[in-house]
Amino acid sequence: MHGLKERYQKQLDRVKNVAEAPKGKVTLLAVSKTKPATDIAALYAQGQRDFGENYLQEALFKQKALAHFDIDWHFIGPIQSNKTKEIARRFAWVHSVDRLKIAKRLNEQRPEFLRPLNVCVQVNIDEEDSKSGFTEAELDQAIEQLKTYDQLHLRGLMIIPKVRKELAMQRAVFKKAAQLKERLNKSHHLEMDTLSMGMSSDLELAIEEGATIVRIGTAIFGERDKNKIK
Ligand SMILES: *Cc1c(COP(=O)(O)O)cnc(C)c1O
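A brief look at the structure comes next. (Residues numbered from 1 in each chain as written. Predicted model: local features only at pLDDT ≥ 70, side-chain atom pairs only at ≥ 80, totals over all residues. Heavy atoms only, no water.)

1. Side note on the overall build of the protein chain
1) Next: When helices and strands are counted, the protein chain shows 9 helices and 8 strands.
2) Next: In terms of C-alpha radius of gyration, the protein chain reaches 17 Å, essentially the compact-globule figure of 17 Å for 230 residues.
3) Next: Taken across its 230 residues, the protein chain has 53% of its residues classed as buried.
4) Next: Of the contacts made within the protein chain by residues no fewer than 6 positions apart, 60% connect residues no fewer than 24 positions apart.
5) Next: Roughly 11,800 Å² of accessible area belongs to the protein chain as shown, and the carbon and sulfur atoms make up 50% of that amount. (Helix = DSSP H or I, 4+ residues; strand = E, 2+ residues; numbered from the N terminus. Rg over C-alpha atoms; globule rule 2.2 N^0.38 Å. Buried < 20%, exposed > 50% of the residue type's maximum accessible area, 1.4 Å probe, protein only. Contact = heavy atoms within 4.5 Å. Areas by Shrake-Rupley, 256 points an atom, 1.4 Å probe, with all protein chains shown as cover.)

Here it is, written out as structure tokens:
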């Protein structure tokens, strides 16, 4: 845990110091996968409320340990169908909705006594075979379907672009995502307000182009133990 608070403050400062930040606030999502509940509690004491997890079983374990904390849990990992029930119950946000089948299940399984689940559609912005998410061509049809799901609140788009060596190219892909969100809002009469994009190497660029949630893991919590990554 050594240096955790300092690393966290440093990332918060980076977010705060982006002059072109969009109106409203940019959320620093602390990605706590593989890290212990004690680390989460330490950041909670610093005021952090949004935490991102990738693996359901691990997340449920930490949620139990931190049950009395007022945390907004974000699910950001790949989703298997048999995990949707717990995800629909235990999270405030899901960033990684990458198939309609998953969205349908999350909608059906979100309990009615909870507010609609905040969801981002994952977009395979670079059309990589290795990455999940909707391609741009699939999005319009998908969005029309998503709009019919009352227990999902469609908040925006999430991307994991490939890393570009040149900053200008990295900026261009963030801009592309922002323009895509605007176009979809217009075409589908939506008010999506969220762009989940930008990680530790490029969060300033992402915010300058309109990111509203930046997902930061290692730069806050330190390197992950590779053995713990499933
Ligand atoms: C792990 C992860 C992050 C954080 O990555 P770091 O390199 O640790 O900052 C962000 N987004 C997603 C989708 C992740 O799985």
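2. Let's talk about helix 2 (residues 37-44)
1) Next: With 6 of its 8 residues buried, helix 2 lies for the most part within the structure.
2) Next: Inspection of helix 2 places Ala37, Asp39, Ile40, Ala42, Leu43 and Tyr44 among the buried residues, and these make up the whole buried set.
3) Next: On its buried face, helix 2 sits against helix 1 (4-16), strand 1 (27-31), strand 2 (50-53), helix 3 (56-65), strand 3 (72-75) and helix 9 (218-221).

3. Re the layout of surface pockets
1) Next: The computed volume of the largest pocket comes to approximately 630 Å³.
2) Next: Together, 31 residues line the largest pocket, and Lys33, Asn54, Ile76, Gly77 and Pro78 are the ones closest to its centre.
3) Next: Mapped by element, the contributors of at least two residues to the lining of the largest pocket are helix 3 and strand 8 (213-216).
4) Next: A total of 3 residues in the lining of the largest pocket trace back to one element, the largest contributor, which is helix 3.
5) Next: Each residue belonging to the lining of the largest pocket can be placed in one class, and the counts come to 12 nonpolar, 11 polar and 8 charged. (1 Å grid on protein atoms, 1.4 Å probe; cavity = no way out; pocket = protein on both sides within 12 Å on 5 of 7 lines; lining within 4 Å. Points joined across faces, edges and corners; volume = space filled by probe spheres on them. Nonpolar A, V, L, I, M, F, W, Y, C, P; charged D, E, K, R; others polar.)

Everything listed is a geometric property; what it means functionally is a separate question.
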